[in-house]
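Here's the letter readout for the chains.
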Amino acid sequence: MEAYIVSYEPLTIIALVIAGFLAAFIDSTVGGGGLISTPFLLGIGFPVPYALGTNKAASAMGAAMSVFSFWRAGKISNIAWKICAFSFLGSALGAYVVYLLPAKLMKNIIVVLLVAVAVYTYRRKDWGDNPRLKEITSKLYAEAVLLALVLGFYDGFFGPGTGSFLIFGFLFLGFDFVTAAGNAKVLNFMSGLGGMFSFAMSGTVVWTYGLIMGVAMLCGAFCGARLAIKKGAAYVRPLYLLVTTLLIGKQVYEIIMK
């Protein structure tokens, strides 16, 4: 199978590196890197399971770098570490019940939610510029656990827009944009691990491509996270709205075409 779907032509490898770098650069801050990397893998002939599996393996490397960069800059709250296991658990449960709801129903629901998130964020012009959170209460902790479980479940079950929803959730809890992005990457990384192991166990990861793209994603994630930390909400907010809008367009297109 690997000999059939993999090309090691120089131009293909160069394109793979560029796609991986750009995807991780965006994904390191607000998620949505799969809008670049997955279509690229499909475009060079990967069957859907292999494109998804290879992308998961590569993106796990980029996500790890994002988490490290935000952690080193002090832009990850302790609460993210305390609840990340719930994200992994939710993802595992989501993958287990993946066939219970029709995909088209999920797409319709997600479009509505993404539109609501984008409109709310756009109208709150100064939202996320400064943290509103004063202290970690038991109520806040419970809400954060619920956020990790629900969106971890969603990531394992369906996936598109998980990064946007996580950032929105942490903004709603009172974090600023950059810390919300850092917290989101911790949870997204943990939920993504479950998906990566699942694809690896099913044999639908092309490891040579995954490692090449993964190294490019390490570099892209490092650069993207550093820029987000340096520029702050003035950079993260418009990028967040752009990626959310692209996700809405992608979901609407798939509903219309399918």
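Residues numbered from 1 in each chain as written. Predicted model: local features only at pLDDT ≥ 70, side-chain atom pairs only at ≥ 80, totals over all residues. Heavy atoms only, no water.

1. Considering the overall build of the chain
Looking only at helices and strands, the chain features 11 helices and zero strands. Along the chain direction, N to C, the helices and strands of the chain fall in the order α-α-α-α-α-α-α-α-α-α-α. Seen through its principal axes, the chain has C-alpha atoms that stretch 55 × 40 × 30 Å. Across the 258 residues in the chain, those meeting the buried criterion constitute 49%. Total accessible area on the chain is roughly 12400 Å²; 71% of this is exposed by carbon and sulfur atoms. Put simply, the chain has 19 plus and 10 minus side-chain charges, and the middle of one group is 5 Å from the middle of the other. (Helix = DSSP H or I, 4+ residues; strand = E, 2+ residues; numbered from the N terminus. Buried < 20%, exposed > 50% of the residue type's maximum accessible area, 1.4 Å probe, protein only. Areas by Shrake-Rupley, 256 points an atom, 1.4 Å probe, with all protein chains shown as cover. Lys, Arg positive; Asp, Glu negative; His and termini not counted. Charge placed at Lys NZ, Arg CZ, Asp CG, Glu CD.)

2. Some thoughts on the side chain of Ser 164
Within the fold, Ser 164 resides in helix H8 (residues 162-173). Among the polar contacts listed, one links the side chain of Ser 164 to the side chain of Thr 244, at a separation of 3.3 Å. Not counting residues within four places of it along the chain, the set of residues in contact with Ser 164 comprises Val 30, Leu 114, Tyr 240, Thr 244 and Leu 247. (Polar contact = N/O pair within 3.5 Å; in protein donor to acceptor, adjacent residues only side chain to side chain. Contact = heavy atoms within 4.5 Å.)

3. Brief notes about the environment of Gly 31
Within the secondary structure layout, Gly 31 lies in the loop between helix H2 (10-30) and helix H3 (34-43). Exposure remark for Gly 31: the relative accessible area of 4% places this residue in the buried category. Each C-alpha atom, one on Gly 31 and one on Gly 20, is 13 Å from the other, the two residues being 11 residues apart in sequence.

4. So, the environment of Ile 255
Residue placement: Ile 255 occurs in helix H11 (residues 233-257). Between the C-alpha atoms of Ile 255 and Asn 108, which are 147 residues apart in sequence, the distance is 7.6 Å. Filtering out sequence-adjacent residues up to four positions away, Ile 255 remains in contact with Lys 104, Lys 107, Asn 108 and Val 111.

5. Details of the layout of surface pockets
Considering only enclosed or pocket space, the second largest pocket measures out at about 420 Å³ in volume. As for the second largest pocket, its lining consists of 17 residues, and the residues nearest its centre are Leu 147, Val 150, Leu 151, Phe 165 and Phe 168. Among the elements of the structure, helix H6 (103-123), helix H7 (138-157) and H8 are those that each provide at least two residues to the lining of the second largest pocket. Looking at the lining of the second largest pocket element by element, the count peaks at seven residues for H7. Within the lining of the second largest pocket, the residues separate by chemical class into 15 nonpolar, one polar and one charged. (1 Å grid on protein atoms, 1.4 Å probe; cavity = no way out; pocket = protein on both sides within 12 Å on 5 of 7 lines; lining within 4 Å. Points joined across faces, edges and corners; volume = space filled by probe spheres on them. Nonpolar A, V, L, I, M, F, W, Y, C, P; charged D, E, K, R; others polar.)

6. A closer look at the pattern of salt bridges
Counted under the stated rule, the structure contains three salt bridges. In this structure, Asp 27 engages Lys 185 in a salt bridge whose closest nitrogen and oxygen atoms are separated by 3.0 Å. Of this pair, Asp 27 sits in helix H2 while Lys 185 is found in helix H9 (residues 177-202), placing the two residues 158 residues apart along the sequence. Here Asp 27 matches Lys 185 in class, with each residue buried. (Salt bridge = Lys/Arg side-chain N within 4 Å of Asp/Glu carboxyl O.)

7. A few points about the nonpolar core
One finds Ile 83, Ile 167, Phe 170 and Leu 187 to be the most contacted residues of the largest nonpolar core, which totals 50 residues. The greatest single-element share of this core, amounting to 10 residues, is contributed by H9. Beyond its immediate chain neighbours, meaning those up to four positions away, Ile 83 contacts Tyr 141, Ala 144, Val 145, Ala 148, Phe 170 and Leu 187. Counting 16 residues, the second-largest nonpolar core is a separate cluster that includes Leu 16, Phe 46, Met 213 and Ala 221. (Core = buried A, V, L, I, M, F, W, Y, C linked by side-chain atoms within 4.5 Å.)

8. Here's the deal with a nonpolar patch on the surface
Residues Leu 11, Ile 14, Ile 18 and Leu 22 make up a contiguous nonpolar surface patch of roughly 410 Å² in combined accessible area. With relative accessibility at 47%, the residue Ile 14 sits in the partly exposed group. (Patch = residues over 30% accessible without salt bridge, like charges linked within 9 Å, V, L, I, M, F, W, Y side chains within 5 Å.)

9. Some details on the packing of H8 against H9
At a minimum axis distance of 8 Å, the contact between H8 and H9 shows a crossing angle of 130°. It follows that H8 is oblique to H9 by the angle criterion. Here the hand of the crossing between H8 and H9 comes out right-handed. Here Thr 162, Gly 163, Leu 166, Ile 167, Phe 170 and Leu 171 of H8 come into contact with H9, specifically with Phe 177, Ala 180, Ala 181, Asn 183, Ala 184, Leu 187 and Asn 188. Residue classes in the contact of H8 with H9 are distributed as nine nonpolar, four polar and no charged. (Axes fitted to C-alpha atoms, helices over the stretch in contact; angles between N-to-C directions. Parallel < 35°, antiparallel > 145°, perpendicular 65-115°, else oblique. Left-handed = near helix turned anticlockwise from the far one by under 90°.)

10. Things to note about the state of the cysteines
All chains considered together, the criterion is met by zero disulfides. Sulfur of Cys 219: no disulfide; nearest cysteine sulfur belongs to Cys 223 and is 6.9 Å away. (Disulfide = S-S within 2.5 Å.)

11. Side note on the confidence of the model for the chain
Considering every residue of the chain, the mean pLDDT works out to 84; 91% of them sit at 70 or more. Mean pLDDT in the chain bottoms out at helix H1 (residues 2-5), which sits at 46, and peaks at helix H10 (residues 207-231), which reaches 93. (pLDDT = per-residue confidence, 0-100.)

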